[in-house]
Structures are given as C-alpha cells and as structure tokens.
Amino acid sequence: DDVPNPPPPTSKIPPFGMTSQNLLRLMNRRKGFKSTADLTSYKISAVDFIAPNRGAAFTGIGLEIPITLMAASSTDDLPAVKDHVGELLKAHFDRSHSSLSQIKPLGSSPYIVCTTLVKLILGSVGKPKPEDRRALSPQQSSDLTSFITKHVLVPHPKIFTSPTNINGVLLLTLLFTTIRKGFQSTSQKYTTTSSHLLNIITSRLNLILSSPIKSSPALQLLLNTCVSLTLNTLKPLTTPSLNGVIPSNEIRDNVYGTVSNLSRFTSVFKENSTIVQVMFGCIKFEKDEMISRAYGCLQSLLPNFINSPTPEIYKLLAGNCDCTIKSSRLAVAYWVGSIFKSVDSAGVLFKLSGDEDEEIAGVSRKFIGEMEWEFEELCGRLWKEGGYERCSWKGKVNCLKTCAESYSKKSGSNETASKFISECVQAIKNATAGEITLVDTAAKSLCDIVTSKKLVYPKEYLKYNEDVITKRDMIRLAVTLQTSEARKCMARVFTEVVITDKPEFMELCSAALTLCSEKLNFKKMFHAGQANGGATLSGYVLRLLFENPALTKSLDSLAVEVIELLGEGLTHSDQYVSSSCASSLGVAFSFPPSPSILDSTLPLLFTNLQATIKKYGTTIDHSDPNRCSPLIKCCGPILSSSLSSSVSPSTLLEGLFKILGSESYKKSNEISLTVGTAISSYVDCTSHPSASSVTIERIDEGYDEIYESRMQEWARPIYRLITKEYKDHNPQVRTASYSVIFSIVVRAGEVVEIDKDNPFVKLIKEMLEVIQAKFVKGLKDDKGKQLSRECCCRGLAACFGFSKVAGGSVEVSSSLLKAFGQTTNHGGSAMMETREQEAMRRVQNAETEAEGREALNAFLENGGR
C-alpha cells in the first residue's frame, strides 16, 4: 500500500485523515478495479489525501514530499486526474504567493524538489530492473520539465549558489542531462520545454559564475555542452538544402536567448568563429518574423570578438557583405567597424558605405569617419587590392572623399598620389548621368588637393603632365559638367595649374574666355547649366588675368567683352543665370583690375546692379531676398575696386542703402547683414595705398550732404550710417542700420590685426566711443528686433576686441565695460529684457534722471504694459 500506516486488510475503521468512502476505495483497489472510473476515483482520492494543506498524509513533515508527489501526479495519463492535480497546485501556489501568507510554496528546500523531479525524468541508470518504475513518456517529461522551470528555477534564482546547496554542480549536471535528453527527443513539446529550461539556466550564469562553484571543472564542461547544444540546434537552419529538421520558432527563440545569455561571458565564445558563422547563416535563412531575433543574438556576440581581429573572422564577414538580407549586411558593418580598427576594414566598410539601404550606408560612413586613415595604406587597399572597383558608385564617393582628407593631413608617395589623381579624373570623365554625387566628390577632392597650400606635388603633376588630363579638357569640363559645384571646382583647378610663364598661357586664357563668351551670349539659345559654367570659369580666369596685368594686356578687350556679358546677365529673368553672373563678378573683382578695364565696365555694372537690386529689393511686386542677396554680395568687391577708377559708385551705394528697411528687409532681416558686408568691403581701403586718413566731425549736428561730398569716397558710408540711417524716423531703416555698423566694426577688427596704420582702422578707432554709444542706444530701441539687438550685443563685443588690439585708451575700455554692464544686468541678456526691466534700468542708468522717471511713470500709467 502506498500510504503510511495502512489499515489492516480486514479493518472497517478508517485511519486518521481517511474518510469511510476512501477506505472503501482502498479495499476495492486491493481487489482490482473493474473500470477506468473506479481507477480515476481512487487516484483523485489519493491526490486529495496527499495534497498540501488539504490532506493529512504528510502533516508536520514539510512540503517537499507532497509537492514532489503532486508534481509527479500532474503527469498522469488520466485527464480528470491531471486536471484535478493542476487545480490543487494552482490553489496552493496562489495561496502561498498572497501577501499575508508565510508559507514557502516548495518548503524549506527547493533543491530536494528539483533533484527528485529531475531523477524522475531521467529514470534508472543502466539496465532496467523489475522493481524500477517505468520510464516517463516524452509528454510526461515535458510536463515535469515545465514544472521545474516555472515553479522551481524562476522563483528561486539562487538555487545553484545557496550555501545550503553544496551540490550545486550536481544539480546543474542533472539539469543539463535532462536538457540534452529533451533536445534529443523526437517530441517537439519536450524539446521546446527543454530549450526554455536551458534559457532560464543560462540567464542565471552571472550568479553561478560569481559563486564558489565557478572553479569547478565540471562547470566549464557543462558550458561547453550548452554551446554544442545551441550549435547543433541551429545548424539545420543554416543549411536547409540538407533537409534537416528545422526547430520551431519557439525553440529557436529560446536558443537565441541562450546564446545571448552566454555571450555576456567572453570565456564561453572566445575566438569561436563557428558560432558567428552559424548566426550569419541563421539570419540568411531565417523567417521574416525571426530575423530581428537572430540579428539581436548576433550583435550580442560582438563584445566577445572586439579584441580578436583574426583573419578567419574578417573572411567570414567579407563573405556576408553581399548578402541580400539587410540585417546581415548591417551586422557586417557593425562587426567590421568595431573589430578591425585599421586599414584592414577598408574593403568591406567602403563597399557597404555605398549600400542602397541608407541605414547600412550611414553606419559604415560613421565608422569610416571615426578611423584615422593613412593615405598610402588606404590607397593600397582600395586600388592595388581592388577594393575600389568592387564598390558601387556611392561607395566610390566615400573612397575619394576619405582619400582626399587623409592626403591633406599626411601626404604619401608621388606614385600613390598620381594614382589617386588619375582615379579622380577618370571618375569626372566617365561618370554616368545618374552618378552626379560621384562627379561632385571627385571634382572637389581634386580641387582640394590641388589648391592646398601644404601640398605641392598634385599641382606640379597636373601642370607638367597632360597624360591624365589636358588644360583644354579642364576648360571644357569647367563648362559642361553636370553640376555647378563640379564646374566651379574644375575652374579653380584650371587656374591653379595653368603655367603663367609659358607661351601657351595667353592662348589658354583666350580660349577659355572665348568659350565663356559663347556660353554667355543670352541673345541666342543657351543652356542654363553651361551658362553657369561659362560664368564661373570666366570669373576665375578674369581674376587670373588681373593678377598678371603685364602678361595679359593684349586680352583686355576680350576681358571687357566678357565682363559686359556678365553685367547683362545680372538683369536676366532666370534667377540661376543672374546669381551665377553675380557670383562670377564677385570672384573676378576680388583682385582689382586695371583702371582702363574699370572705366570701361563699371558704368554698365553699376547701372544694371542698381536696377536689379531696386527691382528685387525695394519694389512691392517683385521683392525677393533670395534673388537680391547674390547681387548685393558681388557689390562689395566691385565697389572696392571702383576706388581705383574715375567712376563714382554713388548710384550703387544709394541703391544699397535703400535696401535697409525695404520690402526685402521686411521679408528677411538677414539681408541687412549682406548689405553690411558689401559696404564694409568698400570702406576697407586696404588695397588702395593712395587712401589717406579721414576725421569725421560735426556728428552731433546731423547729416550734411555738402559736408559728406567733401570727404573721401570710402569714408562717406560710415558718416551717412551714423548721422542719417541711424536716426531715420522709419524704425525698419533704423534697426537695419545696426547690422551694417556691426559689419563695419567686424571688418575693422580683421584689418587691425594686419595693419594698425590703415586709414580705415584709424577712423574706426577715433569713432569707437560714438559707435559704442550707438549700439547701446540700439539695445534701448523699443522697435528693435532680435537680429538688431543681437548685432548690438555682438557689436559691443567687437568694439571691445578692436580696442584691445588697436590700443584704445583706458577711458574707451572702461566705457565699453560699463556698456556691457548696462546691457546684461537685467534678465541675463539684453534680448530677454522686458518693458518693466527696461524702465527700472533707465531709472538706474539713465542719461538723465528725468528721462528714467518719465519712462517708469509711463510704464505704470499703462497698467504695466
């Protein structure tokens, strides 16, 4: 009999804890069961008898035995018995988990419950004996495994490391044995529960490896067993052609979790490239819903290989960079960029930087930007080993860009530099219509290394070696390339490499200007892109002529013709053409031409600029700040050059002053800074040695046109700004003038570093206190906008810096410091000053006490508004 102290066979008195009905069932069992119902009834009665906190079979001896028996009974073949046991166990665990319960659901030793159930799953060892219990079915083993996972290991994470459990390694060994049995089973459910159990155990590895059992030799053997189980489970997925049994999604999910858990410990997968190969295979053949899980598992392995840049790993990664699965290529980018911090990663990273998927390309570009590249080694990997040819055109963009940057930092051999220059030229010549970015990058890279002051060889190479590209090819490409950036770069390259002391110099410049003249003839049918190229090339060629007047005097008539065509282009209805011509003129006049050229061209330029600026800057119907800004920018160098001619720029200057407060200014306040830059270029007389010092007096008397006409031309705009625009009754004009004054002071700060005796510097130094006072007034202006207030704040800072360099008096410096205190005492910034703060400030720091009191009273009478 299976109960303690069974009653005698003839007894009719039930023992303690047994009802009369159960006693009757027990007697019937001794006689045999006539039906399944009788057997079911008996088993239910037996379960009730041993159930914890219900039956009385094991009262007072702990919960370990009844829970173990109940767990074993939960695997019964009879559904009614199985369901009844499940209800009893649920009630027990719910009751023990309640907040008021002091009961431990598994008693004082979960270890006993776990080991007993595991031994029950494993059955007898060796040859079966007649008295041995029959082996459990896979279904029963699965149920017990699930019970162990859910009710033993999950609630008791320290079961392997508790001081009372001296046989933690033994328990681990038993569990791994049953897990291996589950993985070898043909039952899908048993394998699933075993994989879940394995996942839970490995999630406790941090506790296991921090306990005394970590030094046990058996533990490392168990970890190796765990690795082999995961590999054997996932390998059929990586080779579907072998018709292996592919585990279910749930099993694979648990195995991926196991690998992720094991990856936290570098000693498990150290230098084990097999697991990496298997995981890449899983990503390649995994189902869509599980790819992200496999990708996350692979990424968790990465820290184990950071310090192991082996050739096997690189070969494995390089073989997967062509995979059609995005996650695989993305993983390759992360792995190569993280492990191979050297030129070894060049081939793969640059190839992936041109990937069609922007995320993969972005990750690759990020790693490329973080690495320090040696030009010589990088070019060797890209060209000698064929890495460049394997890249798409987007990848080639990054190759050329990175090589140019590394070459600018540290040059390499002439042979390597020649190869790089040749590749840039070939990319420019042979790129297709859809590879615009490649053309731009190749042209910019070539331009950067040719125009660099640190590098000598690229310029010399293109000067004297026309096997790669001829000067005439440069002229043609500067006009016909697909983008304005590429055309501009080629124009700059041409003007840098053309040899001025050779007879062909005049011939090449003449050919370039003649081609530009053809493209800028707007009376005929023209191509806007080629017109832009002609304008850009003409600007750089004209400046080259102006820098060498003795050599190019015979080309003055052609230069005048091209400048006039550019001047006519300023009024063109196409904004692209007009802006191109304006930019070209700005480049050309950045070096002053001869007086004869100026006298011939400035009248047309001043007229067209003034008319176009008036149309797009001041009229209501056509005002357009974007259209007007390029025109204003080119006015600076043209006005500066006009000081060497007999042509008065008063008309154009008047047009620039009318921009202040105009319709374009109302749409975009920043245009006032553009006007300020143009006017500051004019008043800076650094390039005009004939300019003499000027002293501006009678400032307090206001603007006097007659007094202005007696001044030198370059100083007139400063006088006008301080006496007229600054005091204009139109608040838009008044606030815009602060931006112009700010630009002039900034320009003076740049010039004073070079020449303290410059007349422009001397004038600003004399008027520094006046300018500073204007900025302080601007901060008090209640009509001021954010831009004007910011210009006043920055203007005060520029004044202080100018004063320090120019050697201003102590009084000037003290006044500037006082102005800073006045503008920043309240709210931390003048731009944050409220009306109330303004009124209080004016009381404390007013020019007169009455003015401050008047402002405060007005504020209070207005109800604090």
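Residues numbered from 1 in each chain as written. Predicted model: local features only at pLDDT ≥ 70, side-chain atom pairs only at ≥ 80, totals over all residues. Heavy atoms only, no water.

Draft legend 1. Structural context of the overall build of the protein. Looking only at helices and strands, the protein features 43 helices and zero strands. Within the protein, buried positions represent 52% of all 865 residues. Intrachain contacts of the protein at a sequence separation of at least 6 include 68% that bridge at least 24 residues. As displayed, the protein has an accessible area near 40300 Å², and 52% of this comes from carbon and sulfur atoms. (Helix = DSSP H or I, 4+ residues; strand = E, 2+ residues; numbered from the N terminus. Buried < 20%, exposed > 50% of the residue type's maximum accessible area, 1.4 Å probe, protein only. Contact = heavy atoms within 4.5 Å. Areas by Shrake-Rupley, 256 points an atom, 1.4 Å probe, with all protein chains shown as cover.)

Draft legend 2. Local environment of the packing of helix H7 (residues 168–184) against helix H10 (residues 217–238). For the pair H7 and H10, the least separation of the axes is 10 Å and the interaxial angle reads 15°. Considering the angle they form, H7 stands roughly parallel to H10. When the axes of H7 and H10 are compared, the crossing they make is left-handed. Residues Val 169, Leu 172, Thr 173, Phe 176, Ile 179, Arg 180 and Phe 183 of H7 touch H10, and the partners they reach there are Ala 218, Leu 219, Leu 222, Thr 225, Cys 226, Leu 229 and Thr 233. Split into classes, the residues belonging to the contact of H7 with H10 amount to 10 nonpolar, three polar and one charged. (Axes fitted to C-alpha atoms, helices over the stretch in contact; angles between N-to-C directions. Parallel < 35°, antiparallel > 145°, perpendicular 65-115°, else oblique. Left-handed = near helix turned anticlockwise from the far one by under 90°. Nonpolar A, V, L, I, M, F, W, Y, C, P; charged D, E, K, R; others polar.)

Draft legend 3. Representation of the pattern of salt bridges within the structure. Under the definition given, this model contains 30 salt bridges. The salt bridge partner of Lys 326 is Asp 357, with a shortest N-O separation of 3.6 Å. In this pair, Lys 326 sits in helix H16 (residues 326–339) while Asp 357 sits in the loop between helix H17 (346–352) and helix H18 (358–370), placing the two residues 31 residues apart along the sequence. Take Lys 326: its relative accessible area is 33%, and that puts it in the partly exposed class. With a closest N to O distance of 3.1 Å, Asp 684 and Arg 747 form a salt bridge. With Asp 684 in the loop between helix H34 (671–683) and helix H35 (705–709) and Arg 747 in helix H37 (residues 731–752), the pair connects residues that are 63 residues apart, well separated along the chain. Overall, the relative accessible area of 7% leaves Asp 684 in the buried class. Looking at Arg 747, the relative accessible area reads 22%, which means it is partly exposed. Each of Lys 82, Asp 143 and Lys 189 takes part in a single network of salt bridges with overlapping partners. (Salt bridge = Lys/Arg side-chain N within 4 Å of Asp/Glu carboxyl O.)

Draft legend 4. Structural view of the state of the cysteines. Inspection of the entire model under this criterion finds zero disulfides. Cys 489 forms no disulfide, and the closest cysteine sulfur to it belongs to Cys 447, at a distance of 4.5 Å. Judged by its relative accessible area of 5%, Cys 489 is buried. There is no disulfide at Cys 793, and the cysteine sulfur nearest it, in Cys 792, is 7.0 Å away. (Disulfide = S-S within 2.5 Å.)

Draft legend 5. Inspection of the environment of Lys 351 at higher detail. Summarising the element assignment, Lys 351 is placed in helix H17. When the C-alpha positions of Lys 351 and Ala 318 are compared, they lie 10.0 Å apart, and in sequence the two are 33 residues distant. What Lys 351 contacts, discounting residues up to four positions off in sequence, is Cys 321, Asp 322, Arg 390 and Cys 391.

Draft legend 6. Seen up close, helix H32 (residues 650–659). For H32, the complete set of buried residues consists of Leu 652, Leu 653, Gly 655, Leu 656, Phe 657 and Ile 659. The inward-facing, buried residues of H32 contact helix H30 (595–617), helix H31 (625–642), helix H33 (663–667), H34 and helix H36 (716–723). Gly 661 sits one or two positions beyond H32 and adopts a positive phi of about 80°.

Draft legend 7. Structural view of the packing of aromatic side chains. Using the criterion set out here, one finds 13 aromatic pairs in the structure. Ring geometry for Trp 383 against Tyr 388: centres 5.0 Å apart, planes inclined by 35°, an arrangement best described as tilted. Of the two residues examined, Trp 383 and Tyr 388, each falls in the buried class. The structure contains a cluster of three or more aromatic residues connected by ring pairs, namely Phe 375, Trp 383, Tyr 388, Tyr 407 and Phe 420. Positioned above the aromatic ring of Phe 367, the side-chain terminus of Lys 366 is 4.8 Å from the ring centre. (Phe/Tyr/Trp six-rings, centres within 6.5 Å; stacked < 30°, edge-to-face > 60°. Lys NZ or Arg CZ within 6 Å of the ring centre and 35° of its normal.)

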